[in-house]
Amino acid sequence: MKILTVIGARPQFIKAAAVSNIIRQQHEEILVHTGQHYDENMSKVFFDELEIPKPDYNLSVGSGGHGFQTGTMLMKLEEIYLKEKPDLVLVYGDTNSTLAGALCASKMLIPVAHVEAGLRSFNMNMPEEQNRILTDHLSKYLFVPTSSAEINLKNEGVIKGVYNVGDVMYDGVLRFKKLAEKKSNIVEKLGLSKNGYILTTIHRAENTNDINRLKNIIEALNESNEKIILPLHPRTKKYIEDYGLKFYENIKVIEPIGYLDMISLEMHAKKIVTDSGGVQKEAFFMEKPCITMRDETEWVETVENGWNVIVGTNKDKILNAIISFVPEQKQKNIFGDGSAANKILDIINS
Ligand code: UD1
Ligand code: UDP
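In what follows, the accompanying structure is described.

Reading the values: the criteria
Residues numbered from 1 in each chain as written. Chains lettered and ligands numbered in written order. Predicted model: local features only at pLDDT ≥ 70, side-chain atom pairs only at ≥ 80, totals over all residues. Heavy atoms only, no water. Helix = DSSP H or I, 4+ residues; strand = E, 2+ residues; numbered from the N terminus. Pairing = 2+ DSSP bridges. Axes fitted to C-alpha atoms, helices over the stretch in contact; angles between N-to-C directions. Contact = heavy atoms within 4.5 Å. Phe/Tyr/Trp six-rings, centres within 6.5 Å; stacked < 30°, edge-to-face > 60°. Buried < 20%, exposed > 50% of the residue type's maximum accessible area, 1.4 Å probe, protein only. Lys NZ or Arg CZ within 6 Å of the ring centre and 35° of its normal. Polar contact = N/O pair within 3.5 Å; in protein donor to acceptor, adjacent residues only side chain to side chain. Right-handed = clockwise from strand over helix to strand, strands pointing away.

## Brief notes about unusual backbone geometry
The phi torsion at E51 lies on the positive side, around 50°, for a residue other than glycine. Tracing the sequence through the fold places E51 in the loop between α2 (44–49) and β3 (57–58). One non-glycine residue, L109, adopts positive backbone phi at about 60°. Relative to the helices and strands, L109 resides in the loop between α4 (96–107) and β5 (112–115).

Structure follows, in structure tokens:
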């Protein structure tokens, strides 16, 4: 079968790293990079260190408004789909690259497979929620990572073609953890002691585009008296500069890092404070308490299991959680058995 995969943003490179090589054992894959993320440390680093196959096409769409980005991707993808005539288009997650890949295929009557289907925040103000709902309803194969994702789809009347395969990011962590232990020396390089720092990421549009939310977050981190490592997403860097926000000395701001360094920092952190979807899951995989600076999460099982706490952007809530949040329950198996990519392959084959 000829499978055309569309990726474009950081978390999609990491998901594709777990799936692409497995699909290629039995199928031809055409890999299209939309160019949504393009800085070396937001894109190339992942292809190099995770041995993701080189993209056959790079659309070089770059940054811009949602209409520009999604529209340009649609136009360029149509040309490629016409030329390549794929049997199936595969998309991951909930970015503008996901929606463009799925919408273009659906209009051309090419079946769509959606990896990480069924997630819902029930907050339609999020561009990701719009992207994932639309993508799910355009997809023929919906690979869900969790039971709640399956229920969400059922509640929207989507039952056919839904497969709970587990989470491909769990496959990724299991596969790359050992390599990270061998290759990454970031903990030593930054002079950190194991379990002696908090790892933080911030990039969600609802947090960066609102000065009050971002100010609360930075103030809470500044006043925490904890050593904080913050690999800063370019979106957030731009807004912090625009708003004139300042970091105290306890916060070590670094450029975005590669995946091996990132999971190494996760592995040795005391706690993880984030608004990222992927990082919430990785905190769970690494058995680290996660403090989520959002008003809701799609990864509800991590909260129900007591390993993730939702604090929004209230300064006191963030500070209290940094000081006192400690999971009390043993972890349940939420994300499958680490063989999601193989299960996806089996379903595609059958
Ligand atoms: C996108 C996804 C989001 C995902 C995130 C992962 C959408 C709507 N959002 O958000 O769901 O969680 O990726 O990181 O698809 N920029 C650079 N260099 C880059 C990439 C971006 O400087 O290589 C800057 C630009 O100023 C750009 C901004 O970051 O305008 C935002 O990038 P964009 O891809 O539009 O959205 P993300 O916030 O990265
Ligand atoms: N990540 C990384 N380097 C960083 C920050 C994050 O490799 O500097 C990885 C992280 O380990 C996870 C993924 O990027 O696998 C999450 O992507 P992001 O937070 O950008 O997006 P989201 O998951 O929220 O869509």
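## Describing the sheet that holds strand β10 (residues 251–254)
A sheet is described by the order of its strands in space; here six strands give the open sequence β10-β9-β8-β11-β12-β13, paired in parallel fashion. Each edge of the sheet is formed by a strand with only one pairing partner; in this case those strands are β10 and β13 (308–310). Averaged over all neighbouring strand pairs, the angle between strand axes comes to 20°, with direction disregarded. By the bridge criterion, four bridges tie strand β8 (residues 198–201) to strand β11 (residues 271–274) in an arrangement that is parallel. When the bridges of β11 are listed, I198 appears paired with K271. Of the strands in this sheet, β8, β9 (228–231) and β11 are in contact with helix α12 (residues 259–268), which crosses β8 at around 135°.

## Some details on the packing of aromatic side chains
Tallying each qualifying case throughout the model produces nine aromatic pairs. Note on F176 and Y259: the rings are 5.9 Å apart at their centroids and 90° apart in plane angle, and the pair reads as edge-to-face. Of this pair, F176 sits in helix α7 (residues 168–183) while Y259 sits in helix α12, placing them 83 residues apart in sequence. Here F176 matches Y259 in class, with each residue buried. Site record: aromatic cluster; members linked through ring pairs are Y170, F284, F285, W299 and F335. One residue, K238, lies across the ring of Y239, its end atom 4.6 Å from the ring centre.

## Let's talk about the sheet that holds β5
Ordered in space as β3-β2-β1-β4-β5-β6-β7, the seven strands form an open sheet in which the pairing is parallel. Looking at strand neighbours, the two that pair on one side only are β3 and β7 (162–164), the edges of this open sheet. Relative to strand β6 (residues 141–144), β5 is paired through three bridges, and the arrangement is parallel. Within the sheet, the bridge partner assigned to H114 lies in β6 and is L142. Against the sheet, helix α3 (residues 66–84) makes contact with β1 (2–7), β2 (28–33), β3 and β4 (88–92), and its axis sits at roughly 165° relative to β1, the strand it touches most. Against the sheet, helix α16 (residues 340–349) makes contact with β1, β4, β5, β6 and β7, and its axis sits at roughly 160° relative to β6, the strand it touches most.

## Concerning the side chain of N250
For N250, the position within the fold is in the loop between α11 (234–243) and β10. The exposure class of N250 is buried, given its relative accessible area of 16%. Looking at N250, its side chain comes within polar contact range of the main-chain oxygen of L221, at 3.1 Å.

## Some points on the pairing of β4
Counting buried positions over the five residues of β4 gives five, a clear majority of the element. Of the two faces of β4, both are covered, the one formed by L88, L90 and Y92 as well as the one formed by V89 and V91. Two elements, β1 and β4, share four bridges in a ladder whose sense is parallel. By the bridge assignment for β4, L4 is matched with V89. A crossover links β4 with its parallel partner β5, the connecting element being α4, and its sense is right-handed.

## Remarks on the side chain of T201
Mapped onto the elements of the fold, T201 is located in strand β8. A distance of 2.6 Å separates a polar atom in the side chain of T201 from a polar atom in the side chain of T274. In this view, T201 contacts L230, P231, M262, V273, T274, D275, S276, V279 and M293; residues no more than four positions away in its chain are not counted.

## Structural notes on the environment of R10
Of note, R10 is situated in helix α1 (residues 10–23). Here the alpha-carbon distance between R10 and D337, two residues 327 residues apart in the chain, equals 24 Å. Not counting residues within four places of it along the chain, the set of residues in contact with R10 comprises H37, M42, F46, H233 and P256.

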